[in-house]
Amino acid sequence: MTRSAAQPLPQASTLEESLRWLRIMLTIRRFDETIDELFAQGKVHGTTHLYIGEEAVATGVIAALQPGDVVTSTHRGHGHNIALGGDINAMMAELLGRETGYCRGFGGSMHIADQSLGNLGANGIVAGGLPIAVGAALGFQLQQQSQVVVAFSGDGALNEGAFHEAANLAAIWKLPVVFVVENNQYGMSGSVKEMFALGHLAERAAGYGIPATMVDGNDIFSVWEAAGQAIETARSGSGPSLIEAVTYRYKGHSKSDANRYRSREEIQQWRQRDPIDHLKEYLIANGADGSSLAQIQREVAQAVADALQFAESSPWPDPSMLEDAVYAKEDGTHV
Amino acid sequence: MATETSRKLTMARAISEAIDLEMAADSRVFVMGEDVGPYGGIFGSTTGLFTKYGPNRVIDTPISESAFIGAAAGAAAEGLRPIVELMFVDFFGVAMDQIYNHLAKNHYMSGGSVSHPLVLMTAMGAGYNDAAQHSQTLYGLFAHVPGLKVVVPSNAYDAKGLMIQSIRDPNPVMYFFHKGLLGLGWMPSDDRAVVTVPEESYTIPLGRANIVRDGTDVTIVTIGAMVHRAVEAAEIAAVKGISVEVVDLRTLVPLDTGTILSSLKKTHRLVIVDEDYLSFGMSGEIAAIAAEQALEYLEAPVRRVAVPNVPIPYSRPLEQAVIPSTPRILDAVTYVTEF
């Protein structure tokens, strides 16, 4: 399942493309590390769920999408929006509560959406996006369009009624949906070992008549290949699939998490299998030079620093706008 | 009644202590919910219980709220006394059918044959920028449905006594704790909620309001975290020579109408402070009671200070603008006084 770095690049994946993926993964990581630091400094409030350690999943899946395809995201959604090409200035501004943010300060970390990129939205409710994903897919099917929907969720979402109902609906109507389950081993403190009586979460899909596969979520090439196949199946009208991407979150579930339910050793072991380190080794074994990788890393750090600068110099929203977005305008204009 | 003590507790500690005492006293009592076990509950309401009572009485569940709330109803029907936690009141949508069609109605529909003595506890409230799906109070939604009792403590003493009473109540009780009152290290908390709490077991009856401050000119009726904002406003008003009585309802169902009315007959002016949305909620209900049963005593229009009809925004200046604040309460007090 996991590819060794000595293997050649998979077909149809060029070195240039792989370097682009590295840039995205590094951006996700640096962005979320920055958010973590800002939280500690008291500049970001509420809560936030960091994608650190899981970067290969969003990046690999979204790399297999085509323009016009859409995703539904989760409470742990920064990575999805960045992989879609999201504007990190507007993301950072949103997290800092500024008017230049994605949601003008209304939403924050858990509610970033960008229809223009195909992101129907992050979501504060576990499994809340799954029925919406199915509905978006129904919309494409009814309008005889060829787009595909990727519905991201965590492992915990598979125990929600909304997942069950959405999966069945997608299956009976052969909707163009790919359920991507980011199995990061824990739903908050609930270990998948305790919360499922399954060896692998992918096995659950059989109950809905949905084909499923399990991949190493820390190996972007495995993720990308599995996603490509599932997306092609959906696009061809053959119905939904489920991908279980096995990965790990290094940080706590959210800012309230003291990590009491797992060991330092376990976290350390997963860090040995870091998805970014893995991709770097792979690229170097396939001809990339170390200095160009370091250059990408520097550029990413600068871009995130610039985003922070943009956000911190942006104005706070004025309470006079509070009611602006409660209802859509009759004339179709936006707030 | 409780004996004298000088021990002060946070509200989170008071809640976990109440549950601990009832679990020790009654083997039918058990706790179920997400992260209630070794984690101790995300808001500390079950801290220490897993170690003391083990996994058969402190049960971690999957993220399957409809299933575990329904399961609690079933266990209660079979003689147990479940305490169920669903982390945030904002999350109740996923389990609402079990709550408002089953838990609330089974006793009635069955002619009293089936009952569900359980406590469904949850965190509520804004003030720390957690946005629209993690900041609501929504107690009015549950108070609206006949068959559920609704408890909203404002301090550690009440939290303990009301929890023990809720566990012993033969009905389903929704118990709301405000995140900003709990005294958690990782979240801002109101020191006014940290009060002296006796170590032994005691109860506070459901449906009995608490007059937290006596006054003669204006009555403020409120609940939960807003009790402390109202008291602050009353303290400032006192300097200006306005005497404000603050009524902490403590429970919405049952509602202590008698205390509200006797206060109005004394002060003749009413301000309602509510952290729920303005429309169709607690503030409207109290205003309606005043209009129906005390109109002849009122010398000024009723004023309501509540969250305007917008989802709770994320950004700090926006959020602060929607949560009832001490200055907004003072404005309302001034208005009814000068009318």
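Novice: Would you mind going over the overall build of chain B with me for this structure?
Specialist: Along its length, chain B carries twelve helices and 14 strands. At 20 Å, chain B has a C-alpha radius of gyration in line with the 20 Å of a compact globule built from 339 residues. In terms of overall dimensions, chain B has a C-alpha envelope of 60 × 45 × 45 Å along the principal axes. The 339 residues of chain B split such that 59% are buried. By sequence separation, contacts in chain B at least 24 residues apart represent 81% of the contacts at least 6 residues apart. As displayed, chain B has an accessible area near 12,200 Å², and 54% of this comes from carbon and sulfur atoms.

Novice: What exactly am I supposed to notice about the overall build of chain A here?
Specialist: Counting its regular elements, chain A contains eleven helices and seven strands. In terms of C-alpha radius of gyration, chain A reaches 19 Å, essentially the compact-globule figure of 20 Å for 335 residues. If one aligns the C-alpha atoms of chain A with their principal axes, the spans along those axes are about 50 × 50 × 40 Å. Pairs at least 24 apart in sequence give 75% of the contacts found in chain A among residues at least 6 apart. As displayed, chain A has an accessible area near 13,600 Å², and 50% of this comes from carbon and sulfur atoms.

Novice: Would you explain the domain arrangement of chain B in this entry?
Specialist: How big an interface is tends to be reported as the loss of accessible area on association of its parts. Residue and element names in this part refer to chain B. Examined at the domain level, chain B breaks down into domain 1 (8–196) and domain 2 (210–336). Each of domain 1 and domain 2 was reduced to a C-alpha centroid, and the two centroids are 26 Å apart. Taken together, the contact between domain 1 and domain 2 spans 29 residues of the former and 30 residues of the latter. Roughly 2,300 Å² is buried in total at the junction of domain 1 and domain 2, and carbon and sulfur atoms are behind 52% of that figure. Interface area lost by domain 1 to domain 2 is led by Asn 129, Tyr 139 and Arg 192, which between them contribute 28%. The tally of links from domain 1 across to domain 2 stands at four salt bridges. One salt bridge in this structure joins Asp 190 and Arg 229, with 2.8 Å as the shortest N-O distance. Elements with a minimum of two residues in the side of domain 1 that touches domain 2: α6 (139–143), β6 (149–151) and α7 (156–168).

Novice: In this structure, what is going on with empty space enclosed by the protein? I would like to understand it.
Specialist: In this approach the atoms are scanned with a rolling probe the size of a water molecule, which exposes any empty space left behind. By the definition in use, this model includes one cavity of 30 Å³ or more. Every residue along the wall of the largest cavity is listed here: Lys 43, Val 44, His 45, Leu 95, Leu 96, Gly 97 and Trp 316 of chain A together with Asn 129, Tyr 314, Ser 315 and Arg 316 of chain B. Looking at side-chain class alone, the lining of the largest cavity contains five nonpolar, four polar and two charged residues.

Novice: What is the right way to read the interface of chain B and chain A from this model?
Specialist: Each partner contributes residues to the interface: chain B has 33 residues there, and chain A has 39 residues. Of the roughly 2,800 Å² buried at the junction of chain B and chain A (both faces included), carbon and sulfur atoms supply 64%. Among the residues chain B hides against chain A, the three largest losses belong to Tyr 39, Ile 63 and Tyr 314 of chain B. Together they make up 27% of the total. The tally of links from chain B across to chain A stands at zero salt bridges. Run the count over chain B and chain A and you get 13 residue pairs in polar contact (both at pLDDT 80 or more). Here the side of chain B that touches chain A gets five residues from one element, more than from any other, and that element is helix α11 (residues 316–322) of chain B. Tallied by class, the residues present in the side of chain B that touches chain A amount to 20 nonpolar, seven polar and six charged.

Novice: What's the story with unusual backbone geometry in this structure? I'm lost.
Specialist: Backbone torsion omega between Val 253 of chain B and Pro 254 of chain B reads -5°, so that peptide bond is classified as cis. Summarising the element assignment, Pro 254 of chain B is placed in the loop between β12 (251–253) and α9 (257–267). Notably, Arg 104 of chain A is not glycine yet its phi reads approximately 60°, a positive angle. With respect to the helices, strands and loops of the structure, Arg 104 of chain A is situated in the loop between α4 (88–95) and α5 (129–142). Here the phi dihedral of Asn 129 of chain B falls at roughly 65°; this positive angle occurs in a residue that is not glycine.

Novice: Could you clarify how one ought to interpret the sheet that holds β12 of chain B in this entry?
Specialist: Residue and element names in this part refer to chain B. A sheet is described by the order of its strands in space; here seven strands give the open sequence β3-β2-β4-β5-β7-β6-β12, paired in mixed fashion. Across the chains shown, the open sheet's two edge strands, defined by having one partner strand only, are β3 (58–60) and β12. Sheet twist, expressed as the mean angle between neighbouring strand axes with direction ignored, is 20°. As paired strands, strand β5 (residues 119–124) and strand β7 (residues 173–178) are joined by six bridges and run parallel to one another. Of the residues in β7, the one forming a bridge with Ala 123 is Phe 177. Against the sheet, α7 contacts β2 (29–33), β4 (81–88), β5, β6, β7 and β12, and its axis sits at roughly 160° relative to β7.

Novice: Explain the pairing of strand β2 (residues 149–154) of chain A here, please?
Specialist: Residues and elements named next belong to chain A. Most of β2 is tucked away: five of the six residues are buried. In this sheet, β2 lies alongside strand β1 (residues 70–72) in parallel orientation, the contact comprising three bridges. Bridging from a neighbouring strand, Val 71 pairs with Val 150 of β2. Viewed along the sheet, the connection from β2 through helix α6 (residues 161–172) into strand β3 (residues 177–183) turns out right-handed.

Novice: What is the right way to look at the pattern of salt bridges in this model?
Specialist: Opposite charge on two side chains permits pairing when their charged atoms draw close. Within this structure, the stated rule accounts for 26 salt bridges over all chains. The partner of Glu 299 of chain A in a salt bridge is Arg 23 of chain A, and the shortest N-O contact between them spans 2.9 Å. Of the two residues, Glu 299 of chain A sits in helix α11 (residues 290–312) while Arg 23 of chain A sits in helix α1 (residues 15–40), which places them 276 residues apart along the sequence. A relative accessible area of 31% means that Glu 299 of chain A is categorised as partly exposed. For the salt bridge of Arg 168 of chain B with Glu 22 of chain B, the shortest nitrogen-to-oxygen distance reads 2.8 Å. Here Arg 168 of chain B is found in helix α7, whereas its partner Glu 22 of chain B is found in helix α1 (residues 11–25), with 146 residues between them in sequence. Its relative accessible area of 42% is what places Arg 168 of chain B among the partly exposed residues.

Novice: Honestly, the sheet that holds strand β9 (residues 210–213) of chain B in this entry has me stumped. Any pointers?
Specialist: Two strands in a sheet stick together by hydrogen bonds in their backbones, pointing the same way (parallel) or opposite ways (antiparallel). Residues and elements named next belong to chain B. Pairing in this open sheet of five strands is mixed, and the strands run β9-β11-β10-β13-β14 from one edge to the other. Every other strand in the sheet has two partners, leaving β9 and β14 (303–307) as the edge strands with one partner each. Strand-to-strand twist of the sheet, defined as the mean angle between neighbouring strand axes without regard to direction, takes the value 25°. Where strand β10 (residues 218–222) and strand β11 (residues 244–248) come together, five bridges link them in parallel fashion.

Novice: Before we go on, may I ask you to explain the side chain of Asp 216 of chain A in this structure?
Specialist: Residues and elements named next belong to chain A. Mapping Asp 216 onto the fold places it in strand β6 (residues 212–216). Residue Asp 216 is classed as buried on the basis of its relative accessible area of 3%. Polar contacts involving the side chain of Asp 216 include one to the main-chain amide nitrogen of Asn 218, which spans 2.8 Å.

So, how was this worked out
- Residues numbered from 1 in each chain as written.
- Chains lettered and ligands numbered in written order.
- Predicted model: local features only at pLDDT ≥ 70, side-chain atom pairs only at ≥ 80, totals over all residues.
- Heavy atoms only, no water.
- Helix = DSSP H or I, 4+ residues; strand = E, 2+ residues; numbered from the N terminus.
- Rg over C-alpha atoms; globule rule 2.2 N^0.38 Å.
- Buried < 20%, exposed > 50% of the residue type's maximum accessible area, 1.4 Å probe, protein only.
- Contact = heavy atoms within 4.5 Å.
- Areas by Shrake-Rupley, 256 points an atom, 1.4 Å probe, with all protein chains shown as cover.
- Domains from an automatic or database assignment.
- Buried area = accessible area lost by both parts, 1.4 Å probe.
- Salt bridge = Lys/Arg side-chain N within 4 Å of Asp/Glu carboxyl O.
- 1 Å grid on protein atoms, 1.4 Å probe; cavity = no way out; pocket = protein on both sides within 12 Å on 5 of 7 lines; lining within 4 Å.
- Points joined across faces, edges and corners; volume = space filled by probe spheres on them.
- Nonpolar A, V, L, I, M, F, W, Y, C, P; charged D, E, K, R; others polar.
- Polar contact = N/O pair within 3.5 Å; in protein donor to acceptor, adjacent residues only side chain to side chain.
- Pairing = 2+ DSSP bridges.
- Axes fitted to C-alpha atoms, helices over the stretch in contact; angles between N-to-C directions.
- Right-handed = clockwise from strand over helix to strand, strands pointing away.

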